[in-house]
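Understanding the architecture of this molecule
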Amino acid sequence: MGEKKFITGNSAVAAAVKLARVGVIAVYPITPQTPIAERLATFVSTGELNSKYIRVESEHSALSACLGACMAGVRPFTASSSQGLAYMHEILAYASGGRYPLVLAVVNRSLAPPWSIWGEHQDSIQERDTGCIQLYVETAQEALDTTIQAFKIAENSSVFTPVMVCLDAFHVSHTEELVEIPDQADVDRFLPPFQTSMLLDPDEPKSLSIGASGKQYMTWRFQQYQAIKTAEKVIQEANKEFESIFGRDYGGLVDAYRCEDADCIIVIMGSFAGVARDTADMLRLNGIRTGVLKIRAFRPFPNQVISDYLNSAKWVLVIDRDLSFGNEGAVCSEVRGALYGLDHAPAITNFIAGLGGADVTAQDIRKAVQEMIKVTDVTERHIIFQFMDADK
Amino acid sequence: MKIKDVAKEEFITGSLSCAGCGNLLAVRLALKALGKRTIIIIPAGCLSAVTCFCPQIPFRVPMFVSPFAATSAILQGVSTGFEFRGIKDINVLGIGGDGATADIGMASFSDAIVSASRFIYLCVDNEAYMNTNVQSSATTPTGAITTTTPFPDTMQETRLSKKNLFSIAVAHKIPYAATASVSYPLDYYEKVLKAARTDGPSFIHVQIPCPPGWGFPTEKTIEIGRMAVESSMWHLLEYKDGKVRFTHVPKKRIPISEYLKAQARFRRMKPDDIAHLQSMTNEQLAALEANQDKTPL
Amino acid sequence: MSSRLQEKETHPLGPQWPAGEIPINVGSYTNIKPVIDKSRCNSCRLCWLFCPDGAISIGEEDNKPTVNDNLCKSCGICVYECPLKIIKL
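Residues numbered from 1 in each chain as written. Chains lettered and ligands numbered in written order. Predicted model: local features only at pLDDT ≥ 70, side-chain atom pairs only at ≥ 80, totals over all residues.

**Considerations on the overall build of chain B**
Of the regular secondary structure elements, chain B holds 11 helices and 8 strands. Whereas a compact globule of 297 residues would reach a radius of gyration of roughly 19 Å, chain B reaches 18 Å, a difference of no more than 12%. When the backbone C-alpha atoms are referred to their principal axes, chain B occupies close to 60 × 45 × 40 Å. In chain B, buried positions account for 56% of the 297 residues. Long-range contacts, defined as pairs at least 24 residues apart, comprise 69% of the intrachain contacts of chain B with a sequence gap of at least 6. (Helix = DSSP H or I, 4+ residues; strand = E, 2+ residues; numbered from the N terminus. Rg over C-alpha atoms; globule rule 2.2 N^0.38 Å. Buried ≥ 20, exposed ≤ 12 C-beta atoms within 10 Å, placed from the backbone. Contact = placed C-beta atoms within 7 Å.)

Below, the structure written as structure tokens:
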């Protein structure tokens with residue numbers, strides 16, 4: 001049984017990094033991730049964490065330095081947000097294509113302009129094609145636990161893919177809650193020592209991240225595809241094993257709340273899932289059988305699991321804290337894809353809310369649900385914007 | 001140092017480089033100096049283009065192709081990783097071209113050379129983006145024809161001067177920095193050995209003549225490099241223990257017009273430009289001579 | 001066939017390759033190769049030193065250079081740099 005402390009999401013992530021015995025840390029500061037960099041620097045300088053801290057001049061170099069450390073056979077860590085994550089974009093795809101097991105924390109923040117330091121998922125959503133595994137957390141406790149699990153998932157020899165642990169800016173990163181910090185001995189039992197197949201070793205010389213074309217290229221891309229698909233199973237196993245040692249279960253790929261008999265299901269990622277659950281309870285009192293499906297793993301996107309939960313609902317409200325311009329919210333598109341081909345697919349309404357750190361209240365969600373249940377045509381692409389009049 | 005002291009083992013043969021490639025010679029000699037326990041980091045450029053497409057991988061040491069702007073950051077990461085594991089006997093060598101170092105990689109280079117990480121950064125300078133068909137880079141000399149400066153005197157983008165990477169490294173107070181040339185191989189070899197012994201970052205800026213890019217026949221690669229030093233358009237310097245000095249002074253000096261005329265890329269230079277460049281070169285040489293064995297600002 | 005080549009046949013995990021595999025004979029792109037008059041050679045080793053492709057090797061016993069036609073790209077640097085001018089292309 002670990003120690004219980006009243007800490008923020010950022011501190012929780014830093015605590016997880018310490019427990020995971022990370023060997024090289026290279027973090028470039030950006031609000032709201034800076035406390036992670038600061039806490040880790042303190043751990044390293046007091047000797048609490050035996051690690052090397054590299055000072056870098058940009059996020060691009062931060063993730064590159066982690067890549068370098070990975071190839072030298074050492075477990076690395078970095079974190080970023082918004083503009084910084086965008087600057088790392090090239091290296092995210094590099095790490096994934098090159099099959100390097102890295103873990104990075106992303107404190108989800110809006111992209112400029114307009115400038116906003118507050119929360120939104122656009123920054124990590126726009127990295128969804130880089131080939132990194134993405135896990136979205138709701139609380140500081142989940143941030144700590146998921147970060148520890150992330151190392152195990154990334155370093156699994158059937159996976160060897162970078163993992164992004166995404167936590168909401170300020171609502172999770174800077175809000176204090178009671179968090180149980182696991183014992184080092186238990187974490188050592190759960191997380192084996194670092195392993196990678198991409199090693200720079202003069203005793204077994206190889207060339208890494210080389211060029212290829214045609215069939216060779218396609219073979220390697222297919223391997224990558226398979227690895228991330230395998231990660232679905234690995235994520236669920238990690239969740240189960242974590243529960244058996246630490247007693248906390250996050251559902252693996254998704255977390256379902258009162259979905260079994262629901263006519264209306266709210267699909268959401270991140271910390272506003274709590275508000276969604278309160279709203280679901282309120283709506284049930286008013287006669288609308290509502291449930292909440294929190295998506296935890298956005299990549300790999302668990303099509304089958306989501307389809308199983310949603311196929312008996314009449315309406316699905318997908319809340320997106322992001323917007324794929326030229327289409328609709330990214331989560332909505334993916335959910336739509338998961339439901340394709342079902343005989344009685346539910347009507348889907350996309351609710352774009354919480355951008356730029358806007359608070360999404362129970363009232364907002366209730367209003368959106370009430371708008372949604374007026375829609376009877378399943379084929380209609382219904383999208384609502386928070387604060388704006390309903391757009392049909 | 002004598003030729004017989006140069007190591008015999010070959011670490012790179014069978015690459016798809018051009019005939020007479022100066023870059024290849026620089027890498028071949030550097031690897032001989034550093035030996036088997038070396039790992040190389042190469043960004044996009046001529047070198048990686050001729051050595052990274054499987055199955056024709058000619059290196060006999062571990063190699064990693066790095067993202068273009070990130071070479072120095074990768075070097076920092078690898079070096080720190082080895083340090084964490086207590087491994088002290090592996091040379092960490094980055095081989096970046098002029099574009100990868102002085103243009104796109106400038107930010108990460110500037111940061112890495114003030115760190116405490118142990119690595120050798122070898123900038124192989126062929127004075128343009130040669131791999132992608134000769135575009136102008138930060139180290140392209142004034143008056144050189146490239147595909148993005150086809151008429152150097154009319155293009156507003158023509159460089160005022162070649163970016164001086166050696167001075168930049170010295171300004172960062174890097175523990176060891178040097179300029180070298182493949183035409184002076186023993187001087188270069190010794191510098192690589194010194195860099196390997198440095199306890200911290202080190203930088204070697206080696207000029208590598210390029211027959212197709214500069215416009216001269218393939219057999220003259222070494223001759224052109226020699227002329228660069230003899231005309232004082234390239235110097236053989238070293239920054240060690242806080243002082244800059246020449247490591248080799250050519251026995252004869254030639255006017256820069258001889259060096260310029262030997263390469264097709266300078267054919268559009270006018271006599272006025274050449275005269276102006278000659279006086280600037282003379283001034284620079286005089287300044288370097290006056291500041292020998294002194295600590296730069 | 002070395003065990004490393006066999007590994008290649010089954011596609012290694014991710015973009016990586018064992019070091020030192022060079023199936024293409026780069027010397028095959030040119031027909032004319034340098035000829036060294038060993039009888040007049042004084043073993044200065046400059047040709048060996050300056051060859052970018054490492055195509056020249058120095059004999060263990062006779063200390064004289066030999067050109068490996070499979071690696072030589074016929075650039076002519078050895079011809080130009082030989083102080084005694086005893087290499088012909």
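From this point, the discussion proceeds with the structure in view.
**Considering the domain arrangement of chain A**
Residue and element names in this part refer to chain A. The domain boundaries assigned to chain A delineate domain 1 (3-246) and domain 2 (254-385). Contributing elements (two or more residues each) for the side of domain 1 that touches domain 2: helix H6 (122-125), strand E6 (133-136) and helix H9 (214-246). At 5 residues, H9 tops the list of elements feeding residues into the side of domain 1 that touches domain 2. The residue makeup of the side of domain 1 that touches domain 2, split by class, is 12 nonpolar, 7 polar and 6 charged. (Domains from an automatic or database assignment. Nonpolar A, V, L, I, M, F, W, Y, C, P; charged D, E, K, R; others polar.)

**Focus: the nonpolar core**
Formed by 246 residues in total, the largest nonpolar core has its most connected members in Cys66, Leu67, Val165, Val267 and Leu317 of chain A together with Val78 of chain B. Per-element accounting of this core gives the leading share, 9 residues, to helix H1 (residues 22-34) of chain B. Each of domain 1 (3-246) and domain 2 (254-385) of chain A contributes no fewer than three residues to this core. Not counting chain neighbours up to four residues away, the residues in contact with Leu317 of chain A comprise Cys264, Ile266, Val267, Thr349, Phe351, Ala368, Val369 and Met372 of chain A. (Core = buried A, V, L, I, M, F, W, Y, C linked by C-beta atoms within 7 Å.)

**Notes on the sheet that holds strand E1 (residues 16-18) of chain C**
Taken in spatial order, the 10 strands line up as E8(B)-E7(B)-E5(B)-E6(B)-E4(B)-E3(B)-E1(B)-E2(B)-E9(A)-E1(C) in an open sheet, and their pairing is mixed. Each having just a single partner strand, strand E8 (243-248) of chain B together with E1 of chain C make up the two edges of the open sheet. Adjacent strand axes in the sheet meet at a mean angle of 20 degrees, parallel and antiparallel pairs treated alike. Note that strand E3 (residues 91-97) of chain B and strand E4 (residues 119-125) of chain B share 5 bridges and pair parallel. Opposite Gly96 of chain B, over in E4 of chain B, you have Cys123 of chain B as the bridge partner. (Pairing = 2+ DSSP bridges. Axes fitted to C-alpha atoms, helices over the stretch in contact; angles between N-to-C directions.)

**Here we look at the interface of chain A and chain B**
Listed per partner, the contact involves 36 residues of chain A and 36 residues of chain B. Take the side of chain A that touches chain B: its biggest share by element is 9 residues, from helix H3 (residues 59-71) of chain A. By residue class, the composition of the side of chain A that touches chain B is 19 nonpolar, 11 polar and 6 charged. The sheet contact formed by strand E9 (residues 206-208) of chain A and strand E2 (residues 63-65) of chain B spans 2 bridges and is parallel. For Leu208 of chain A, the partnering residue across the bridge sits in E2 of chain B and is Phe64 of chain B.

**Details of the packing of H3 of chain A against helix H5 (residues 89-97) of chain A**
All names here are of chain A. Contact geometry for H3 and H5: axes closest at 8 Å, N-to-C directions at 20 degrees. For the element pair H3 / H5, the angle class is roughly parallel. The element H3 and its partner H5 pack so that their crossing is left-handed. Residues His60, Leu63, Ser64 and Leu67 of H3 touch H5, and the partners they reach there are Glu90, Ile91, Leu92, Tyr94 and Ala95. (Parallel < 35°, antiparallel > 145°, perpendicular 65-115°, else oblique. Left-handed = near helix turned anticlockwise from the far one by under 90°.)

**Some remarks on unusual backbone geometry**
Here the bond from Thr31 of chain A into Pro32 of chain A is cis, since omega is -5 degrees, no more than 30 degrees from zero. Omega for the bond connecting Cys54 of chain B with Pro55 of chain B falls within 30 degrees of zero, at 0 degrees, which places this linkage in the cis form. For Pro55 of chain B, the position within the fold is in the loop between helix H2 (46-51) and E2. One non-glycine residue, Val134 of chain B, lies in positive phi territory at about 65 degrees. Among the secondary structure elements, Val134 of chain B is positioned in the loop between E4 and helix H6 (165-171).

**Some words on the interface of chain B and chain C**
Contact with chain B, which involves 29 residues of that partner, is made by 24 residues of chain C. Looking at the side of chain B that touches chain C residue by residue, the class counts come to 17 nonpolar, 6 polar and 6 charged.

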